[in-house]
Amino acid sequence: MGGLFTKSKKQSRVTEQDKAVLQLKQQRDRLKQYQKRIELSLENDRQLAKKCLAQGRKERAKLLLRKKKYQETMLANTDKQLENLEKMAADIEFAQVEMQVLDGLKQGNAALKKMHEILDINEIEKIMDETRDGIEKQQEIDAILSDALTQQDEDDVLAELEALEAEEDAKITDSLPEVPSDKLPEVEEVAGDVEEESAKANVSKVKEKPAKVLVEA
């Protein structure tokens with residue numbers, strides 16, 4: 001039962017190199033904060049020295065300027081330390097990249113080695129020889145068959161091929177719909193007939209009109 005309540009421990013992916021880079025970056029951040037404090041202190045000491053001179057306290061102003069000068073030296077040293085920390089962190093990170101590349105090459109070489117074990121050179125040569133033998137044998141068979149047929153046989157083969165093509169063309173022609181053979185009326189003739197009938201109807205109407213007038217009189 002106790003095993004049910006135990007937590008499985010997962011293997012951490014954080015390496016010693018990662019921890020070292022993290023510590024270097026933390027130290028870099030501390031140095032930057034320290035530099036900001038020194039810069040503020042330098043400006044304050046400078047302003048205090050000016051006030052002391054204005055008040056006639058020359059020795060006090062001189063002491064403040066000495067302190068300022070010492071802090072400026074410390075600030076220059078921190079710049080060098082920051083440069084070293086950043087360079088070391090970059091070197092470690094680049095070394096990690098190189099290790100990953102080497103690990104990839106190692107895995108690739110192992111995969112190639114396994115493939116080379118599967119693809120035996122002797123086996124490949126055997127397969128290639130068998131392939132060449134098969135091709136040569138087929139070529140010999142083709143040569144024998146071509147020599148066995150006479151010119152008359154070749155003519156018969158061509159004639160049979162043309163007959164088969166004709167049968168296929170006939171099947172395609174039979175499957176197509178028939179085209180109607182009736183002649184369609186011409187458009188001009190139909191239009192002329194319509195105009196002629198219309199003219200006759202108008203003439204008959206004109207003749208009938210005077211007759212109606214005489215009857216009414």
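What you see is a predicted model, and the numbers here were worked out from it, not measured in a lab. All residue numbers refer to positions counted from 1 along the written sequence of the respective chain. The predicted nature of this model means local features are confined to residues of pLDDT at least 70 and side-chain atom pairs, given and counted, to a pLDDT of 80 or more, with totals for whole chains, interfaces and linings taken over all residues. Calculated side-chain values reflect all of the structure's heavy atoms, with hydrogen atoms and water omitted.

(A) The arrangement of the overall build of the chain in detail. A run of H or I in DSSP counts as a helix once it spans at least four residues, and a run of E counts as a strand once it spans at least two, with each numbered from the N terminus. The helix and strand inventory of the chain stands at 5 helices and 0 strands. Going from the N terminus to the C terminus, the chain shows its helices and strands as α-α-α-α-α. By residue count, 10% of the 217 residues in the chain fall in the buried class. Sequence separation of at least 24 residues holds for 76% of the intrachain contacts in the chain that already meet a minimum separation of 6. A simple rule labels every residue: compare its accessible area, found with a 1.4 Å probe on the protein chains alone, to the largest value its type can have, and call it buried under 20%, exposed over 50%, or partly exposed in between. Note on contacts: a residue pair is in contact if any heavy atoms of the two residues lie within 4.5 Å.

(B) Structural context of the pattern of salt bridges. Any Lys or Arg side-chain nitrogen located within 4 Å of an Asp or Glu carboxyl oxygen qualifies as a salt bridge. Overall, the coordinates contain 7 salt bridges when judged by the stated rule. R28 is the salt-bridge partner of D29, the closest N and O atoms lying 3.4 Å from each other. On the accessibility criterion, D29 (36% relative accessible area) is partly exposed. We classify R28 as partly exposed; its relative accessible area is 22%.

(C) Broad picture of the nonpolar core. Nonpolar cores are built from buried Ala, Val, Leu, Ile, Met, Phe, Trp, Tyr and Cys residues. Side-chain atoms within 4.5 Å join them into one set. Counting 7 residues, the largest nonpolar core is built from V21, L24, L31, L82, L85, A89 and I92. Where this core is concerned, the elements lending two or more residues are α1 (16-54) and α2 (58-118). When neighbours within four sequence positions are excluded, L85 is seen to be in contact with L24, Q27, R28 and L31.

(D) Seen up close, a nonpolar patch on the surface. A contiguous nonpolar surface patch, about 600 Å² in accessible area, is contributed by L112, M115, I118, L119, I124 and M128. Contributions of two or more residues to the nonpolar patch are made by α2 and α3 (121-148). With 3 residues, α2 is the largest single contributor of residues to the nonpolar patch. The residue M128 is located in helix α3 in this model. Patch construction takes residues with relative accessible area above 30% that form no salt bridge. Like charges are linked within 9 Å, and nonpolar side chains (Val, Leu, Ile, Met, Phe, Trp, Tyr) are linked within 5 Å. Throughout, the Shrake-Rupley method with a 1.4 Å probe supplies accessible areas, and for residues the shown protein chains are the sole cover considered.

(E) Main features of the packing of α1 against α2. Lines fitted to C-alpha atoms define the axes here, with helix axes fitted over just the stretch in contact, and angles between the N-to-C directions of these axes take values from 0 to 180 degrees. It is the contact of α1 with α2, at a shortest axis distance of 8 Å, that shows an interaxial angle of 165°. Comparing their axes, α2 and α1 come out roughly antiparallel. Where α1 crosses over α2, the handedness of that crossing is left-handed. By residue class, the composition of the contact of α1 with α2 is 21 nonpolar, 8 polar and 15 charged. Here the word oblique covers every angle except those under 35 degrees (roughly parallel), over 145 (roughly antiparallel) and from 65 to 115 (roughly perpendicular). Here is the rule for handedness: rotate from the far helix to the near one, and if that takes an anticlockwise turn smaller than a right angle the crossing is left-handed, while a clockwise turn gives right-handed. Following the grouping adopted for this structure description, the nonpolar residues are Ala, Val, Leu, Ile, Met, Phe, Trp, Tyr, Cys and Pro, the charged ones are Asp, Glu, Lys and Arg, and the polar ones are all others, Gly among them.

(F) Seen up close, a negative patch on the surface. The positive count covers Lys and Arg only, the negative count covers Asp and Glu only, and His and the chain ends enter neither. Charge positions come from single atoms, namely NZ of Lys, CZ of Arg, CG of Asp or CD of Glu. Where like charges cluster on the molecular surface, the negative patch consists of D120, E123, E125, E130, D133, E136 and E140. Looking at where E125 falls in the secondary structure, it is placed in helix α3. Classification of E125 by relative accessible area gives partly exposed; the value is 46%.

(G) Examining α2 more closely. With 61 residues, α2 should cover 90 Å at 1.5 Å per step; its first-to-last C-alpha distance of 90 Å lies within 8% of that length. Along α2, the residues classified as buried are A61, L64, K68, Q71, L75, T78, L82, L85, A89, I92 and Q96. Contact partners of the buried residues in α2: α1. One less than the residue count of a helix, multiplied by 1.5 Å, gives the span that helix is expected to have.

(H) Quick look at the environment of D18. For D18, the location among the structural elements is in helix α1. Distance in space between the C-alpha atoms of D18 and I92 is 8.5 Å, their sequence separation being 74 residues. Beyond its immediate stretch of four places on either side in the chain, D18 contacts R13 and Q96.

(I) Seen up close, the environment of A95. By the element assignment, A95 lies in helix α2. For the pair A95 and Q17, spaced 78 residues apart in the sequence, the C-alpha separation amounts to 9.0 Å.

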